[in-house]
Amino acid sequence: MEEKQPVLELENVSVGYDSTAGMVQAVNDVSLKIYENTIVGLIGESGSGKSTLGNAIMHLLKNNAVLTNGTIKVMGKEVHSMNKNELRKFRWSQMSMVFQSAMNALNPVLTIEAQILDVYRSHYKNMSKKEARARARELMEIVSIDPTHLNSYPHELSGGMRQRVVIAIAIALDPKLVIMDEPTTALDVVVQRSILDKIKQIQKVKKFAILFISHDFSLVSELASKVAIMYAGRFIEVTDSKSLSHTDQHHPYTEGLINAIPHLTAEEVTITGIPGNPPNLVDLPSGCAYHPRCQFATERCKTERPVVHQIDNRDVECHLYDAVRKEVLES
Amino acid sequence: MRYVMNRIGFFILSLWAAITINFILPRMMPGSPADAMFAKFQGQLTTTALEAMKKSYGIGDTSLWQQYVDYLHGLVTFNWGLSFMQYPTPVSDMIQASVPWTIGLVGISTLISVFVGTALGVYISWKRKGFLDNTLPVVSMAFQALPYFWVALLCVFIFGFKLDWFPMAHGYDPAITPGFTSEYILSILNHAFLPAITLILGGLSGWIVGMRNNMIYTLGEDYVTFAEAKGVKTSRLMFTYAARNAILPQLTSFAIAIGNVVSGAILTEQVFSYPGIGNQLTSAVQSQDFPMIQSSFLLIAVAVLVANLIVDLLYSRLDPRIRTGGSN
């Protein structure tokens, strides 16, 4: 696996918002590799920097956000060193994105077809209108929407259908990487399920990699094979999703998240939340940003930033495992 | 299609309402135009003359219903009565003589102001935080904030009186015989230039700032970012995705502005002594010329209604969300 070229490679990526209060680090020194035909989940609370990271990968940062450090490579190419025209061609053909709000991702005054054809028209100059139309029909069939809806306007479709259209547009050019930024958040549970099934089904056929951004812990651990957990702009843990079924040897934050999942089949239901609130990025706690909410926090956590420990194929950024490692080393 | 029929139906209904109110209102006022005329002549008229006058105004002894029917008939046949101040010129003739001037001057200035302002708004939102974006809204707003009559008077004084670049009054040089000659047309343009400039400058900022703000709001919408990500070229992104949506609120303001063309330029026409309907209306009010006032008001109401109908229909062309009255 390792010798293969990763579809997405993040290396020490930091993204900051240039604000009046100085540079606010929304994403802080994160590294990650995603290979083809895999789904990687990215979980975090609101404001933990997950969408900012998604936009940084697409080079769509707005509101004074800038990549302050690190490199982002998609298919081996550095996204942030391309010029405007290269980027315009690279985006969507190699990487695409499904936006957070399906409701607003479509232009209200253009038909669905026009918005799909725009993709082909922008990327393939020589494609005939007839062929582009045929492809648009094909796309609609892939996402299970009747092609007659090509002539509809976005407001004539339901929320779930609109999200399917957005997904159809995202896979129009067969990209290698699709970033999905909370694609089901605005939808009800039943529609959510059908969209997820659709995503899984398409992914199986097209074999692209997905970076699935969400705050829905159980949903991501089911869908993804690998999960990165983000807290205050850092990956505090990157693990395979199977390990999320138990609380052993995780970051205390991950443990808290696992404990917060209700189990419908369990006889005794004990759900515990994580006390406190996510930190203010303008004024991050010293040391480990999680320490004010951590039940295991020691004096050391308040002053010293923990390093990454590899435990069982997972990367955990926590002082707790210093002791564990010492034990392992000593024995 | 159902939407269009709806709008036209509504237009006809409100037109009827405007016409009827225009009939009822003067009749609810104490006294009558004939009494006013009678008083104006200070006893030099006999009562039989008064009766005759009442009859000719259509407010004689006949029933209200009969008056209404006569009034409607008069409207349709352009028999809008005779003016008091220029007795016995028919009001329809006076309106015919003045309205084209107003529509020509105020209408065209409004259109220029809308198009230039909206285009500038798109441009400066595109070049956000550039030089023009930083200066244009402030400068144009300063023009709008100055009292209009003062700016207009200043223009007449500086460019008309002091520098003598432009004429100070009238729609064309009275020395020239009207006709389809280049001399006459040039004279009209020369006379219209100053008032048009004051109107355009006074109205521009609303269009610039309005469009700029709509654009900035729309450029922040997800569908614009999504389109940018999918590779749509900048020009198409700007016009089909951003401006196309941002222009919709402008249309509403446009309807109001067009409706105001007939009535809105009273000040301009006063200051520049322009022979338009605004000027006629002011003198009609001063001399209690009821038929003229009534016809002018009706004309203004009709202008507003027609403008609204046009914009409603235009809206349905531009915004698919409006026209789904079951068309799909």
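Residues numbered from 1 in each chain as written. Chains lettered and ligands numbered in written order. Predicted model: local features only at pLDDT ≥ 70, side-chain atom pairs only at ≥ 80, totals over all residues. Heavy atoms only, no water.

## So, the overall build of chain A
Each helix and strand counted, chain A has ten helices and twelve strands in total. In terms of overall dimensions, chain A is globule-like: its C-alpha atoms have a radius of gyration of 21 Å, near the 20 Å expected for 331 residues. When the 331 residues of chain A are sorted by exposure, 52% land in the buried category. Look at the contacts in chain A between residues 6 or more apart in sequence, and 64% of them connect residues 24 or more apart. The averaged location of the 39 negative side-chain charges in chain A is 10 Å from the averaged location of its 36 positive side-chain charges. (Helix = DSSP H or I, 4+ residues; strand = E, 2+ residues; numbered from the N terminus. Rg over C-alpha atoms; globule rule 2.2 N^0.38 Å. Buried < 20%, exposed > 50% of the residue type's maximum accessible area, 1.4 Å probe, protein only. Contact = heavy atoms within 4.5 Å. Lys, Arg positive; Asp, Glu negative; His and termini not counted. Charge placed at Lys NZ, Arg CZ, Asp CG, Glu CD.)

## Thoughts on the nonpolar core
Residues Leu 53, Ile 57, Leu 211 and Phe 212 of chain A are the most contacted members of the largest nonpolar core, which totals 100 residues. Sequence-distant contacts of Leu 53 of chain A, that is, excluding residues within four places in its chain, are made with Leu 10, Val 13, Val 27, Val 30, Leu 42, Met 230 and Phe 235 of chain A. (Core = buried A, V, L, I, M, F, W, Y, C linked by side-chain atoms within 4.5 Å.)

## Re the sheet that holds strand β5 (residues 77–78) of chain A
As a general point, the strands of a sheet are linked pairwise by backbone hydrogen bonds and lie either parallel or antiparallel. Residue and element names in this part refer to chain A. Pairing is antiparallel in the open sheet, where four strands are placed in the order β2-β1-β4-β5. What marks the edges here is a single partner per strand, and that holds for β2 (22–34) and β5. In the sheet, strand β1 (residues 8–19) pairs with strand β4 (residues 65–74) via eight bridges, with the strands oriented antiparallel. Residue Leu 8 lies in a different strand from β4, and its bridge partner there is Val 74. Along the sheet face, helix α1 (residues 50–57) touches β1, β2 and β4 and points at about 110° away from the line of β1. (Pairing = 2+ DSSP bridges. Axes fitted to C-alpha atoms, helices over the stretch in contact; angles between N-to-C directions.)

## Some details on the packing of helix α5 (residues 91–126) of chain B against helix α14 (residues 290–318) of chain B
Residue and element names in this part refer to chain B. Where α5 contacts α14, the two axes come as close as 10 Å, and the packing angle between them is 50°. As far as their axial angle goes, α14 and α5 are oblique. For the pair α5 and α14, the sense of crossing is right-handed. Of the residues in α14, those touching α5 at Val 91, Met 94, Ile 95 and Val 99 are Pro 291, Met 292, Ser 295, Ser 296 and Leu 299. (Parallel < 35°, antiparallel > 145°, perpendicular 65-115°, else oblique. Left-handed = near helix turned anticlockwise from the far one by under 90°.)

## Digging into the sheet that holds strand β8 (residues 209–214) of chain A
Residue and element names in this part refer to chain A. The strand order across the open sheet built from eight strands is β6-β7-β8-β3-β9-β10-β12-β11, with neighbouring strands paired in mixed fashion. Where the open sheet ends on each side, the last strands, each with one partner, are β6 (95–98) and β11 (308–311). Averaged over all adjacent pairs, the angle separating strand axes in this sheet is 20°, with direction ignored. With respect to the sheet, helix α8 (residues 252–259) is in contact with β9 (226–231) and β10 (234–240), its orientation differing from that of β9 by roughly 110°.

## What about helix α5 (residues 159–170) of chain A?
All names here are of chain A. The end-to-end C-alpha distance of α5 is 17 Å, a good match for the 16 Å that twelve residues give at a rise of 1.5 Å each. In terms of burial, α5 is a largely internal element, eleven of the twelve residues being buried. Within the span of α5, buried status applies to Gly 159, Gly 160, Arg 162, Gln 163, Arg 164, Val 165, Val 166, Ile 167, Ala 168, Ile 169 and Ala 170. (Expected span 1.5 Å × (residues − 1).)

## Quick notes on the interface of chain B and chain A
Listed by partner, the interface residues are 25 residues for chain B and 28 residues for chain A. Together chain B and chain A conceal approximately 2400 Å² of surface at their shared face, both sides included; 56% is due to carbon and sulfur atoms. The three residues of chain B that bury the most area against chain A are Phe 226, Ala 229 and Lys 230 of chain B, which together make up 28% of that side's buried surface. Across the contact surface, chain B and chain A share two salt bridges. When the shortest N-O distance is used, the salt bridge between Glu 228 of chain B and Lys 62 of chain A registers 3.6 Å. Seen at the junction of chain B and chain A, the total is ten residue pairs in polar contact (both at pLDDT 80 or more). Among the elements of the structure, α9 (222–229), α10 (234–259) and α15 (320–323) of chain B are those that each provide at least two residues to the side of chain B that touches chain A. Broken down by class, the residue content of the side of chain B that touches chain A amounts to nine nonpolar, six polar and ten charged. (Buried area = accessible area lost by both parts, 1.4 Å probe. Salt bridge = Lys/Arg side-chain N within 4 Å of Asp/Glu carboxyl O. Polar contact = N/O pair within 3.5 Å; in protein donor to acceptor, adjacent residues only side chain to side chain. Nonpolar A, V, L, I, M, F, W, Y, C, P; charged D, E, K, R; others polar.)

## Notes on the packing of aromatic side chains
All names here are of chain B. Counted by the stated rule, this structure contains 18 aromatic pairs over all chains. Taking 5.6 Å as the distance between ring centres and 15° as the angle between the ring planes, the aromatic pair formed by Trp 101 and Tyr 172 counts as stacked. Highlighted residues: Trp 101 in helix α5 and Tyr 172 in the loop between α7 (148–162) and α8 (182–219), separated in sequence by 71 residues. Look at Tyr 172 and you get partly exposed, because its relative accessible area is 24%. On the basis of an interplanar angle of 25° and a centroid distance of 5.8 Å, the ring pair of Phe 157 and Phe 161 is categorised as stacked. With Phe 157 and Phe 161 both in helix α7, this residue pair falls four residues apart, about one helical turn. A relative accessible area of 42% places Phe 157 in the partly exposed class. Taken together, the ring pairs connect Phe 23, Trp 65, Tyr 68 and Tyr 71 into an aromatic cluster. (Phe/Tyr/Trp six-rings, centres within 6.5 Å; stacked < 30°, edge-to-face > 60°.)

## Focus: helix α2 (residues 84–93) of chain A
Buried residues of α2 of chain A: Leu 87, Arg 88, Phe 90, Arg 91 and Trp 92 of chain A, and no others. Buried residues along α2 of chain A sit in contact with β4, β5, β6, α3 (112–123) and α5 of chain A together with α9 of chain B. Between a side-chain oxygen at the N-terminus of α2 of chain A and the backbone nitrogen of Asn 85 of chain A the separation is 3.0 Å; the capping residue is Asn 83 of chain A.

## Some words on the pattern of salt bridges
In the structure shown here, the tally under the stated rule is 17 salt bridges over all chains. Here Glu 45 of chain A ties to Arg 293 of chain A by a salt bridge, and the two come within 3.3 Å at their closest N and O atoms. A residue pair is termed long-range when its members are at least 10 positions apart, and Glu 45 of chain A in the loop between β3 (39–44) and α1 and Arg 293 of chain A in the loop between α8 and α9 (299–303) qualify at 248 residues. Here Arg 7 of chain B makes a salt bridge to Asp 312 of chain B, at a shortest N to O gap of 2.9 Å.

## Remarks on the pairing of β4 of chain A
All names here are of chain A. Taken together, the two bridges between β4 and β5 define a ladder with antiparallel strand orientation. Among the inter-strand pairings, Val 74 is bridged to a residue of β5, identified as Lys 77. Between β4 and the antiparallel strand that follows it, β5, lie two residues; Met 75 among them carries a positive phi value of about 50°.

## Some words on the packing of α9 of chain B against α10 of chain B
All names here are of chain B. For the pair α9 and α10, interaxial distance at closest approach is 10 Å and the crossing angle is 175°. Accordingly, the angle class assigned to the pair α9 and α10 is roughly antiparallel. Contacts between α9 and α10 involve Tyr 223, Val 224, Ala 227 and Glu 228 from the former and Leu 237, Tyr 241 and Asn 245 from the latter. Of the residues in the contact of α9 with α10, the class split is five nonpolar, one polar and one charged.

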